[in-house]
Amino acid sequence: MTSRSTGLLVVLALALILASSSLYVVQETERAVKLRFGRLIEGDITPGLHIKIPFAEKVRKFDARVLTLDAEPASFFTVEKKRVIVDAFSKWRIADVDTYYKSTGGSEDIAHDRLASRVNDGLRNQFGERTLHDVVSGERDLLMEQIKDYLNTTVRQSLGVEVVDVRVKRIDLPPEVSDQVYRRMTAEREKEARELRSKGAEEAEKIRADADRQRTILVANAYREAEESKGEGDAAATSIYAAAYNKDPEFYAFQRSLKAYKEAFANKGDVMLVDPDSDFFRYLDKQQGK
């Protein structure tokens, strides 16, 4: 290899090193700033291929996507002075890369620490204006929206970031409050159970009273129908007896006398004193006459 070839290779290597030091690419998912000897000279560089002065200028790139801040659970007080332990997270992204770099030095950890402090302040203020019921179930969505708006009015200017969303993962009560809430809930459930049992007993009495009334009506109707049927049967029997009597009154009288004799002499130990001329012995006398 000649000295000329060696020199050409050296020049090409230097050119490549110079090009790699002078050219840089900013991706669509990145935000970048340019520094010259540590001083910010260009901010919010658009995505694409760019040129910088080698060794004198430096480019800092930051993630422009939505990031998650999952802070440690913190303790807050409601308007009733009840302490709650809140575990929340927030979604954020860089809105002003110049302000972001100046306030945090481009450190995501510093941004997280400062944003976590702002989120805790927002939660503390909003929880302090609401009751325990409101923050647990009543106004959760409104609470999160107001916290987000409150944060964006401060962190945009101070940190150069935008809070996209704030959400509460869980709200716990400290042990002493949990016991009080448990006792109160138990008392409320017992009260509700007593009311339900009282209403049930009242409904049961109404059902029993209605059943007794219907039973009385059914028995009365059945007795009336039975009496009517009995009366109709007695009337039919009387009619039959009358028709039979009219056909042969003498025979009918004889049959009744025989029935009377049978019933009178059923017990042989009885003694009966009767006038011989009475109608009771009328048919016996006739039999003796014959």
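Residues numbered from 1 in each chain as written. Predicted model: local features only at pLDDT ≥ 70, side-chain atom pairs only at ≥ 80, totals over all residues. Heavy atoms only, no water.

What to know about the overall build of the chain
Cut-off, in case you're wondering: Each helix is a run of DSSP H or I of at least 4 residues and each strand a run of E of at least 2, with the numbering of both proceeding from the N terminus. For each residue, the accessible area found with a 1.4 Å probe, counting protein chains only, is set against the maximum for its type, and the residue is called buried under 20%, exposed over 50%, and partly exposed in between. In this analysis, two residues are considered to be in contact whenever any of their non-hydrogen atoms come within 4.5 Å of each other. Note on areas: these come from Shrake-Rupley sampling with a 1.4 Å probe, and a residue is covered only by the protein chains present in the view.
Each helix and strand counted, the chain has 8 helices and 9 strands in total. In the chain, buried positions account for 24% of the 290 residues. A fraction of 61% describes how many contacts in the chain between residues 6 or more apart in sequence connect residues 24 or more apart. Total accessible area on the chain stands at roughly 20100 Å², and carbon and sulfur atoms take up 55% of it.

Focus: a nonpolar patch on the surface
Worth spelling out the cut-off: Patches draw on residues past 30% relative accessible area with no salt bridge. Two like charges within 9 Å are joined, as are two nonpolar side chains (Val, Leu, Ile, Met, Phe, Trp, Tyr) within 5 Å. Within this document, salt bridges are pairs made up of a side-chain nitrogen of Lys or Arg and a carboxyl oxygen of Asp or Glu, the two lying within 4 Å of each other.
Judged by side-chain polarity, L23, V25, L49 and I51 come together as a nonpolar surface patch covering roughly 380 Å² of accessible area. Put simply, the parts of the chain that give the nonpolar patch at least two residues each are β1 (23–26) and β4 (48–51). Along the chain, L23 falls in strand β1. Residue L23 is classed as partly exposed on the basis of its relative accessible area of 39%.

What about the side chain of K52?
Within the fold, K52 resides in the loop between β4 and β5 (57–63). Owing to a relative accessible area of 16%, K52 belongs among the buried residues under this scheme. Each residue touching K52, except ones within four places of it in the same chain, is listed here: S21, S22, Y24, K34, E57 and V59.

A closer look at the confidence of the model for the chain
The condition that has to hold: The pLDDT value tells you how sure the predictor is about a given residue, anywhere from 0 up to 100.
Looking at the chain as a whole, its pLDDT mean stands at 80, while 81% of the residues score no less than 70. At the level of individual helices and strands, the chain shows its lowest average pLDDT in helix α8 (residues 282–289), which scores 53, and its highest in strand β6 (residues 67–70), which scores 90.

Details of the packing of aromatic side chains
To be explicit about the condition: For Phe, Tyr and Trp, where Trp contributes only its six-membered ring, two rings pair if their centres lie within 6.5 Å, and the inter-plane angle classes them as stacked under 30 degrees, edge-to-face over 60, or tilted in between.
Taken as a whole and assessed by the stated rule, the structure comprises 4 aromatic pairs. Summarising the aromatic geometry, the rings of F62 and Y100 are spaced 5.5 Å apart at their centres and angled 75 degrees between planes, so their arrangement reads as edge-to-face. Of the two residues, F62 is situated in strand β5 and Y100 in helix α2 (residues 97–104); the sequence distance between them amounts to 38 residues. For F62, a relative accessible area of 6% translates into the label buried. Using a relative accessible area of 2% as the deciding quantity, one classes Y100 as buried. Measuring from centroid to centroid gives 6.3 Å for W92 and Y100, while their planes differ by 35 degrees, and the two rings are tilted.

Quick word on the sheet that holds β5
Rule in force here: The rule for pairing is simple: two strands pair if DSSP sees at least two bridges between them. Between N-to-C directions, angles span 0 to 180 degrees; the directions come from axes that are lines fitted to C-alpha atoms, helices contributing only their stretch in contact.
The strand order across the open sheet built from 3 strands is β3-β2-β5, with neighbouring strands paired in antiparallel fashion. The open sheet has two edge strands, β3 (39–45) and β5, and neither has a second partner. For this sheet, the mean inter-axis angle between neighbouring strands, taken without regard to orientation, is 20 degrees. Here 7 bridges tie strand β2 (residues 30–36) to β5, and the two strands are oriented antiparallel to one another. Counterpart to A32 in the pairing with β5 is K61.

So, the environment of K102
Of note, K102 is situated in helix α2. Along the chain, K102 and S158 lie 56 residues apart, while their C-alpha atoms are 9.5 Å from each other.

Thoughts on the side chain of K148
Looking at the secondary structure, you find K148 in helix α5 (residues 140–158). Beyond its immediate sequence surroundings of up to four residues, K148 is in contact with V163, V164, D165 and V166.

Notes on the nonpolar core
Short version of the rule: By convention a nonpolar core is built from buried Ala, Val, Leu, Ile, Met, Phe, Trp, Tyr and Cys residues, the set being connected through side-chain atoms within 4.5 Å.
Counting 33 residues, the largest nonpolar core has W92, L115 and F127 as the members making the most contacts within it. The greatest single-element share of this core, amounting to 6 residues, is contributed by helix α3 (residues 108–127). Grouped together as the second largest cluster of nonpolar side chains are 5 residues, Y24, A32, I45 and V59 included.

Some words on the pattern of salt bridges
With the rule as written, the count across this model stands at 14 salt bridges. Residue E205 is joined to R208 by a salt bridge in which the shortest nitrogen-to-oxygen separation is 2.5 Å. Within this pair, E205 and its partner R208 are both found in helix α6 (residues 175–247), separated by 3 residues, close to a single helical turn. Here the salt bridges do not stand alone but share partners, grouping D70, D87 and K169 into one network.

So, the packing of α3 against α5
To keep it simple, the criterion reads: Note that the term roughly parallel is reserved for angles under 35 degrees, roughly antiparallel for angles over 145, roughly perpendicular for angles of 65 to 115, and oblique for everything else. When the near helix sits turned anticlockwise from the far one by under a right angle, the crossing is termed left-handed; a clockwise turn instead gives a right-handed crossing. Each residue is assigned to one class: nonpolar for Ala, Val, Leu, Ile, Met, Phe, Trp, Tyr, Cys and Pro, charged for Asp, Glu, Lys and Arg, and polar for all the others, Gly among them.
In the contact formed by α3 and α5, the axes pass within 9 Å of each other and the chain directions differ by 140 degrees. The pairing of α3 with α5 is recorded here as oblique in orientation. Like other packed secondary-structure pairs, α3 and α5 cross with a definite hand, here right-handed. Note on element contacts: α5 touches α3 through L143, Q146, I147, Y150, L151, V155 and S158, opposite L115, R118, V119, D121, G122, L123, N125, Q126 and F127. Considering only residue class, the contact of α3 with α5 consists of 9 nonpolar, 5 polar and 2 charged.

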